[in-house]
Structures are given as structure tokens and as C-alpha cells.
Amino acid sequence: MYKFLCVYALRLIVLCTPGIGAAGVVSYEFDIDYLDVDITGKPVVAMAIDGKIPGPVIRANLHDRLKITFNNLMEVETSIHWHGVLLPNDQDGVPYLTTPPIAAGGSLTFEYPVTHTGTYWYHAHTGLQEQRGIYGSLVFHNPVEAHQYDGELVLVLSDWTNAQPGAVLRNLKREDDYYSLKKDTVQSWRGVLQNGWPALENRLRGAWIRMGPMDLADVGYDAFLINGKQSQRDTAIKNGERVRLRLINASASSYFNVEFSGGDMTLIEADGLPVMEETVKRLRLATAETYDVIVEIPVDKQHELRATATDGSGYASYYLGAGETVPVPPMAKPNLYLVGHGNHGRERDAETPAGEHNLAGHGNHGRERDDMTPAGEHMSHGHKHAGGMSEYAGLRSKRPTAFDTRRKTREIDLRLTGSMERYTWSFDNKTLTEVDKIRINQSEIVRFNLINETMMNHPIHLHGHFFRVLNGAGDYAPLKHTVNVPPLNTVTIEFAADEEKDWFFHCHNLYHMRSGMARVVSYTPAGQDDYRNSRFYQYHLENNDPWYRFADTSFQSHMLAGRLWAFNRRNGFAVDYDYDYGDEYDVDAVYERQLTRFFALYAGVGLERDETDIDNTVIAGIHYTLPLLIDSELRIDSDGHFRLELASALQLTDRLRFNWDWNTEDEYRAQFSWEINKQIVITGGYDSDFKSGAGFEYRY
Ligand SMILES: [Cu+2]
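From a predicted model like this one, the values you see are computed outputs, not experimental measurements.

Describing the overall build of the chain
Part 1 of the reasoning: Across its full length, the chain carries 9 helices and 43 strands.
Part 2 of the reasoning: The burial tally for the chain puts 45% of its 700 residues in the buried class.

Written as C-alpha cells, this is what we have:
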């Protein structure tokens, strides 16, 4: 006795929602406010829509008109963007670009027609508010449902940190692998040696091309959530029923592997649109993607649906049915030492988490399209949507999606770039405010070659359009709004430029976007507007390139040493000091300009005093990163002295690091440091001027 629950659900909404006007107009009104939450035993002031995290499920039928009012009760402005939804440009919700922000204490009403069906979501597009709780789900029902099922569930996956998101970003700016100790993903030389020759080869090849070891995620989260909870039991769905699961990855920066202990899942929609049905054992959701699957709850037991963060740092559970509990077996933590160079994502076994399959070698630089892994290779374990470029290889649209071949095609290479030194993410090494909009013309086909030159996955999202992912499915290439681009790989997407005005185009990792990995795609020809004087540009210039300040101070038996430094994307100030508690000191204070990932210029003063004399000079020079990640510094001072200095750091174990430097004046230092935590470090070593000693270091 099948019924289409969505129809019932919708009626419920219509009955329950005040403000339903003329037939087909679906109205909602919600407050956005601070909310006291306690998710992991620590009280935190979050932000929430309608007092809930995630916010309410907003439902409408195809061809309805949605009218949604938000009242912002907070003391800061906010915004709501409708992720994946085709709508008029001024309803898209990107503050200052398409839509005004929702002012503190103010209200804003969105109104747009529902022109397509599917599972979508909405979230704040202001600062890092999305990480704080401003997100919810959006379901556009088709009154003529193509699939049969007894019930449906919207499952919103997300990540949670008790820390202020701003503090999280500051930590990442200090060290891009700041959270690896917390996540237990430190990549040490001990680990390299334990994993043998392939790991050593990996590490050396990476270091040779000046790439640090990779990780699958940046942030060390305190919890992963499904519908706001780490674990919960569903009571509405009964054993034996077929259930449609609307899976939404509403995380700020996490990818999830989803598995169900009750059997295979039948994939029916991707990013809201119908795809050829297929059976999957495990589904990988990149940040901001949605997938719809149908599962059947076995008759006699309770089964777990588990969403595991792909870096293995945690999971969330949702239990379906009644009876003895059948858990999903824990997923093996990916061995990051063995992915990367050389194995090109082709070596895999059933134990390998899907997330690992995105990793190709350092060697191919993401440009060799022939390195795509054939789809068939992924079939055996069910996760055909994971792996190399081919992570979407089996995904086929239900309807042909090819464009009229007579339309003109504009092809754009866009490199996905980043700098680990300052945790700066960018396209073509330029951040949002360092380059003009991407200009396109109406009615052409726009093809982007997304060339990932970094060691991370990037979920790339285009507002206001669906694009074809050129995955080998020919005319049936799937339409998506968000696509994962694996490390050192290339993904090509194309869309019909049938809209108007400006649309945001960015990495949906919140911290990457915030650090600059974003662009505006504009239908306005160059010269017909002034991007640099637009409110949007000025807003991002003022709000999106803050200065970060840090201090390391060590008190050791033989010396006081430390560094105070501050930087924004391109500029930096640094003071380095050593002092022997007597009459010997060495202080450099410089301004530094970062020109490329590997190259910086600096100028400042050097103050030095030893037993015999005082030497104060004006200094200038360059920093350049050499292969094997060795920092070189060439400096000249006002006395006409040239000096070359080399330095590097080796992470020996999870907590033990070794730093060395040497210069052409035959000064050198070898220093060990042991991290008790991220603030307090035991340190000691030998310096050619200050001799040996030990103490501790405090990091602010
Ligand atoms: Cu990214």
C-alpha cells in the first residue's frame, strides 16, 4: 500500500502555515536570532533560524510561488542564499551583489516562483555565520512523483565547532595544519618511515615540488550532526517501509561518506535533479551537494544510517526502524601517507574510504585528463561516485542535457590555487578582490576547466545555474550546482549562459571562500560597469581581508627568543628577537610583501649587539621557498653585507618538531620543540651564538 507521503507532508504545511494566500502561494515567516545550544557538553551561543539548528524544512510544490520573510533579531546583519535554486537574480541572497543584507533588527521578504523540483538548502552568505547555525533545507515537490516510497526524511548533515568560527579561521591562518593534532592526522616523519618506501617516495616527491603533506579537512570539529544531533532514532518510519532520504551536506567544510546498515541505497537524484537509478553501498557527499536515495528498512531490526567525515575524525548516526540495533561498521581512517604521488587513486580495496579515492599523485598536476580512472573500477565496491576525476563517472542524468551545438562556446581555464603559508585560497592565485569579474555573454555556452593545483578537495558552486559535469556520460552528463574538484585534478563543467547580471561562483568550503576563493560571473560586458567601485567589492575589501596577529615567545635557560607577526593576504610585519639575558641581542623588524606562494620581498631594520660591538643596519631581501620546502633568504644590509640563510622544519612525531637554520656568516641553530598543546611548547636546542639551553614557549 504505497502512498506519496510528500503530498501529505505538503498538505500539512499548507494547513499548519499561517499566511497561505491565494492558491499556489506558500508563505513562511521566520526569526533569525541567537540561540543557546549545548551540543557536546559545552554551552555555546549559536545563531539559528526559527530557534532550530538546522532551520526549518521549507516545502513547496512545483509552480508554487514561495514567499518567505526573515526577521533578523540579531545585532549583526545576515543574509539567506537559496543554494541550487533557479530564481530571479535579485532573490539569490548574496549581500550587496544581488540582494540587500538583512539588517540587524530588520526584515526581508523573498519571493520567487518554484520552477523545478528537488532537494536544496538555504544558508547565510555573510561572514562565517553558516558555521554558527544559519542553514536549513528546501524541498520542491513534484505533484506527479516518479518514485514510489512510503515516507520521506530530510537529513541535513553538518559540522559543529564549539569555538568561534573566526577563531577557527585565525588558527588556520597561523598554521594550515593547526587542527591535525586534534584530529590525529599529523603527518610526521616517524609516520612516513613506518609506512615504508611508498610513503617516503610520496613525501619526497611532494616536498620536491614544494607541496606539504595533504589532509582531507582543515578544521578539527567537535561534532558531526544529522538534523542537529550526533545520534538520534526516528520513530515515524516503520520496519519494512521504503523511505526516500533527502541527504543534504550543509557542512561548512566537511565531506561525508554515508552508509546504511540495512542494505544498498538506490540513488535517484543528485543536486535535486533526476539521475539514472543506481544502487550504491556508500555515497560520498562533498560540501553543499545533495543526493536523494531510497532505502528499504528491513522488517525486524533497527538500522543505522551513518555519515562519517571523510578524514575519519567523527560521524553522526540516524537510526531507522525498531528492534535489535545493527550499526554501520566503523570506516577505516584513511592512511594519508599512502595516498598521493604514484598511486593515482587506482589502488584500492574494500577497506579504503571513498574519500581517499579523490587523491591523485603530485606528478600529474591535474592537467592530464587521460589520468581519469575508468568508472568501472569503482563499481565493485558500490562507491562509484568517489575516485579521481571519475568520482562522478557513473552519474547520468535521466534526461539528455547536451546543449545545442550551434551555440558559441567560451572556454575558461580556472586554476584552483592556495598558499599554505597564510592559508590563502584563490583562483589563478588571485582572491576575490584582486581581479575583475569573470565576464561572459548571454546565450553562449561557458565551459570552465577547473584545474586544482592544491592538495585539497574543493567543492565549487555556481549560483543561479545548473552546469553539466563532463564526466564521460556524453549527452547524459549530470546537471549539478556543486562539483568536487579533487586534489591535483581537473574537472570540466559547462553551462548555458541564459541568465543575466551577476552570480557568485566560489569554493563552498566556508573557510576557503572566506579566504578569497571566489569570483563573480557577470553577464555585463567589461567596461559597462565599475566592479572596483561597486558596493560588493568595497564590502569585501573592507571585511574580507583582515589582519591577523600572532606571537610566539620562548623563555629558555640560555636565551629569550620569539617572534611577533601580523599579516593579511599580501602584507606582513614581523619582529624576530633573540636575547641572552645580558648584553647580547639580535632583533630584526621587517615589512614583507608576499608576491607569489614562493616569493616575498622584505625591508626593515636589523639591530644586533654582541660582546664587542653594536651593529644597527637597514636590511632588505627576498624570501624564496626552495624544493624540499627549504626557506631561503637572501639579504643585504646598509653595510653592504650579503647573507644567504637556509631554514626548514621537520615534523618528527605527532608532537615533536625539529627546526634548523644556517647562514653564510656561519651562524646556525638547531631547535627541538614538543607541543604540550597548541599554546604551550617545551623547547630546547643549540645556537652558534647563544649556545645550548631549554625552556618553554608560549604561543598566542
Ligand atoms: Cu576550497
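Text resumes after the structure shown.
Points about the sheet that holds strand β17 (residues 290-296)
Either a parallel or an antiparallel arrangement is found when strands of a sheet pair, and the pairing is made through backbone hydrogen bonds.
Part 1 of the reasoning: Taken in spatial order, the 6 strands make up an open sheet running β10-β9-β12-β17-β14-β15, and their pairing is mixed. Of all strands in the sheet, those bounded by a partner on one side alone are β10 (223-226) and β15 (273-280). Taken over all neighbouring pairs, the strand axes of this sheet differ in orientation by 25 degrees on average, direction set aside.
Part 2 of the reasoning: Here strand β12 (residues 242-249) runs beside β17; their pairing, made up of 7 bridges, is antiparallel. For Arg242, the partnering residue across the bridge sits in β17 and is Glu296.

A closer look at the sheet that holds strand β7 (residues 118-123)
Part 1 of the reasoning: Within the open sheet, the 4 strands sit side by side as β3-β8-β7-β5. Their pairing is mixed. The strands lining the two open edges of the sheet, one partner per strand, are β3 (58-61) and β5 (81-83). Each strand axis lies, on average, 25 degrees off the axis of its neighbour in the sheet, ignoring direction.
Part 2 of the reasoning: As defined by bridge partners, β7 adjoins strand β8 (residues 135-141) across 6 bridges and the pair is classed as antiparallel. Along β8, the bridge assignment pairs Gly118 with Phe140.

Points about the confidence of the model for the chain
Part 1 of the reasoning: On average, residues of the chain score 89 in pLDDT, and 89% of them reach the 70 mark or higher.
Part 2 of the reasoning: Across residues 341-389 the pLDDT falls below 50, and counting only partners more than four positions away or on other chains, this stretch makes 139 contacts in the model.

A short note on helix α3 (residues 165-174)
Part 1 of the reasoning: If you check which residues of α3 are buried, you get Val168, Leu169, Asn171, Leu172 and Lys173.
Part 2 of the reasoning: For α3, the secondary structure elements touched by its buried residues are α8 (510-514) and β32 (548-556).

Description of the environment of Glu201
Part 1 of the reasoning: Locating Glu201 in the fold gives a position in helix α6 (residues 196-208).
Part 2 of the reasoning: Residue classification places Glu201 among the partly exposed residues on the basis of 14 C-beta atoms within 10 Å.
Part 3 of the reasoning: Separated by 137 residues in sequence, Glu201 and Leu338 have C-alpha atoms that sit 9.5 Å apart.

Remarks on unusual backbone geometry
Part 1 of the reasoning: Put simply, Ile53 and Pro54 share a cis peptide bond, and its omega is -5 degrees.
Part 2 of the reasoning: Relative to the assigned elements, Pro54 resides in the loop between β2 (43-49) and β3.
Part 3 of the reasoning: Here Asn227, not a glycine, exhibits a phi torsion of approximately 45 degrees, which is positive.
Part 4 of the reasoning: Given 20 C-beta atoms within 10 Å, Asn227 falls into the buried group.
Part 5 of the reasoning: With phi around 60 degrees, Asn429 is a residue other than glycine that occupies positive phi space.
Part 6 of the reasoning: With respect to the helices, strands and loops of the structure, Asn429 is situated in the loop between β22 (424-427) and β23 (438-439).
Part 7 of the reasoning: On the neighbour-count criterion, Asn429 (16 C-beta atoms within 10 Å) is partly exposed.

Examining the nonpolar core
Across soluble globular proteins, nonpolar side chains have a tendency to be buried as a group.
Part 1 of the reasoning: Leu138, Leu155, Leu157, Leu247, Leu285 and Val293 are the most contacted members of the largest nonpolar core, which has 119 residues in total.
Part 2 of the reasoning: Ranked by residue count, the leading element in this core is strand β9 (residues 151-160), at 6 residues.
Part 3 of the reasoning: Sequence-distant contacts of Leu155, that is, excluding residues within four places in its chain, are made with Ile226, Asn227, Leu245, Arg246, Leu247, Ile248 and Tyr318.
Part 4 of the reasoning: With 9 residues, the next largest nonpolar core counts Val192, Met214, Leu336 and Val339 among its residues.

Structural notes on the pairing of strand β33 (residues 560-567)
Part 1 of the reasoning: Bridge count between β32 and β33: 8 bridges; the pairing is antiparallel. Residue pairing for β33: Phe550 is matched across the bridge by Trp565.
Part 2 of the reasoning: Between β32 and β33, which pair antiparallel and follow one another directly, the connecting turn spans 3 residues.
Part 3 of the reasoning: Two strands pair when backbone bridges link them, and β33 and strand β34 (residues 571-579) are joined in this way by 8 bridges, in the antiparallel orientation. Along β34, the bridge assignment pairs Ala561 with Asp578.
Part 4 of the reasoning: Between β33 and β34, which pair antiparallel and follow one another directly, the connecting turn spans 3 residues.

The rules we used
- Residues numbered from 1 in each chain as written.
- Predicted model: local features only at pLDDT ≥ 70, side-chain atom pairs only at ≥ 80, totals over all residues.
- Helix = DSSP H or I, 4+ residues; strand = E, 2+ residues; numbered from the N terminus.
- Buried ≥ 20, exposed ≤ 12 C-beta atoms within 10 Å, placed from the backbone.
- Pairing = 2+ DSSP bridges.
- Axes fitted to C-alpha atoms, helices over the stretch in contact; angles between N-to-C directions.
- pLDDT = per-residue confidence, 0-100.
- Contact = placed C-beta atoms within 7 Å.
- Core = buried A, V, L, I, M, F, W, Y, C linked by C-beta atoms within 7 Å.

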